[in-house]
Amino acid sequence: MERRDLFLIWLNIQGLTYYRAKNIFSKFDDFDSFFDKNKVKSAFFGDEEFELITKFSSENHENLEKEITDKMYENEVEFVTIFSEKYPKLLKQLSDAPLVLYYKGNIDLLKYKAISIVGTRRPTTYGKIVCEKFTKELTESGLITVSGLAYGIDTLVAESTLSSGGKTIAVLAGGLDEIYPSQNTALSKRIVENGGLLISEYFIGVKPLSFQFISRNRIVAGLGLGLLIVEAGKNSGTMTTAKFALDQSKELFVVPGNITSLQSEGTNMLIDELPDTFTVSTGRILFKLGIKKIESSKSAKQVDMAESKILSALELEELSYDDLCEKTGLSPSILSSKLIKLEMFGLVKKGNGNTYYKM
């Protein structure tokens, strides 16, 4: 580990922002100065900064480096600092960019074009359908997806990306050994195993606290060319992600929702205040981001008359198995076999209970 990297990780573990760290950097000509007690004493710092730097210059750096590297090795975690070529350029532009990013998985994903997708932790059936449809189409057009691995929409983004054969980046609000919610531990492993990436600005062992989720959202917004919002309450964390995206001059895309639904109060309010964010298709997103749409091979699958009847019936709404029988006029045996085939093609998906909806 280079001296510079050790110093940056140490500062990061102490919780310093890039702004405060930058102020400390300005007092020295090079990073080696931080390891020189005499130079530290002769520099001018505020009381808190002086105490911090004095503490570092008094450390046994070999022991500190071993402690840090051992923890990362045990947890299969690596890192990039803000001075690394692998550090994402979009994130480096932020005034409060993280000093260090800890990661598991394919760090090269940070070089590619990505779309951030967020939303409520309690999506309605409508929200789930929209999220899965948009994620699938954006993934198949070559975009990396970014989200926060939280309940609800975040989880659906990761799962839909993986099922579409794409790559996803999950930004955590705590250390990479502290998956939250714990129910997504298996999903986090699948993300890495399928060529995806887990990242965090927090060192191993840091448990996610409420303020860290808000702080995490600036990274979620920062990694994408744009931000897509699918269902959000008026005072939800998703709305803070929208604010970060706007502050970062990102393209914002908002899917309208039911005006009587609490889960859509935030999204509908955003559209009311920022009409240009109104989005009902991925075509608009790809156009605004300057990305050519790639037609899915699944969408080119040939369907027979019976399958066409099923797809037509599901065009506007989610239907139960019995309702599909009645609307299509198909026998239960034929309907069952056709639904299985359509599910395999990725054209239809089973919802809650014995219901189905079109992808």
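These remarks concern the structure in this document. Given the structure is predicted, the values throughout are model-derived calculations rather than measurements. (Residues numbered from 1 in each chain as written. Predicted model: local features only at pLDDT ≥ 70, side-chain atom pairs only at ≥ 80, totals over all residues. Heavy atoms only, no water.)

**Some thoughts on the overall build of the chain**
This is how the line gets drawn: A run of H or I in DSSP counts as a helix once it spans at least four residues, and a run of E counts as a strand once it spans at least two, with each numbered from the N terminus. Between buried and exposed lies partly exposed: a residue is buried under 20% and exposed over 50% of the maximum accessible area for its type, with that area taken using a 1.4 Å probe on protein chains only. By definition in these notes, contact holds between two residues if any of their heavy atoms fall within 4.5 Å. Computed with the Shrake-Rupley method and a 1.4 Å probe, the accessible areas treat only the protein chains shown as cover for residues. Only four residue types enter the charge count, namely Lys and Arg as positive and Asp and Glu as negative; His and the chain termini do not. For charged residues, the charge sits on one atom: NZ in Lys, CZ in Arg, CG in Asp, CD in Glu.
Scanning the chain from N- to C-terminus turns up 16 helices and 11 strands. Taken along the three principal axes of its C-alpha coordinates, the chain extends 85 × 45 × 35 Å. Scored against the burial criterion, the 359 residues of the chain give a buried share of 52%. Within the chain, contacts between residues separated by at least 24 positions form 70% of all contacts whose residues are at least 6 apart in sequence. Here the chain displays about 17700 Å² of accessible surface, and carbon together with sulfur accounts for 51% of that area. Within the chain, one finds 44 positive and 47 negative side-chain charges whose respective centroids are separated by 3 Å.

**Quick notes on the sheet that holds strand β6 (residues 197-200)**
As a reminder, the rule being used: Strands are labelled as partners when DSSP assigns at least two bridges between them. Angles shown run from 0 to 180 degrees and are taken between the N-to-C directions of axes, each axis being a line fitted to C-alpha atoms and, for helices, limited to the stretch in contact.
Ordered in space as β1-β2-β6-β5-β4-β3-β7-β8, the eight strands form an open sheet in which the pairing is mixed. The sheet is open, and its two edges are formed by β1 (78-81) and β8 (251-255), each paired on a single side. Recorded for the sheet is a direction-independent mean angle of 25 degrees between the axes of neighbouring strands. Both strand β2 (residues 100-105) and β6 contribute to a ladder of four bridges, which runs antiparallel. Residue pairing in the sheet places Y103 in a bridge with I199 of β6. Contacts from helix α12 (residues 265-273) reach β7 (226-230) and β8 within the one sheet, and its direction differs from that of β8 by about 125 degrees.

**Things to note about the sheet that holds strand β9 (residues 319-320)**
The strand order across the open sheet formed by three strands is β9-β11-β10, and the pairing between neighbours is antiparallel. Two strands in the sheet have a free side with no partner beyond their single neighbour: β9 and β10 (348-350). Both β10 and strand β11 (residues 355-358) contribute to a ladder of three bridges, which runs antiparallel. Bridge pairing in β11 places V348 opposite K358.

**As for unusual backbone geometry**
Y180 connects to P181 through a cis peptide bond whose omega is -5 degrees. Along the polypeptide, P181 turns up in the loop between β5 (168-171) and α9 (185-193). Not every positive phi belongs to a glycine, and S249 is a case in point at roughly 60 degrees. Within the secondary structure, S249 sits in the loop between α11 (237-247) and β8. Note on S249: relative accessible area 69%, which makes it exposed.

**Some thoughts on the environment of M72**
Its location among the elements puts M72 in helix α5 (residues 61-74). A relative accessible area of 5% means that M72 is categorised as buried. On a C-alpha basis, the gap between M72 and F203 in space is 8.9 Å, while along the polypeptide they are 131 residues apart. Not counting residues within four places of it along the chain, the set of residues in contact with M72 comprises M1, I9, V77, F79, Y102, F203 and I204.

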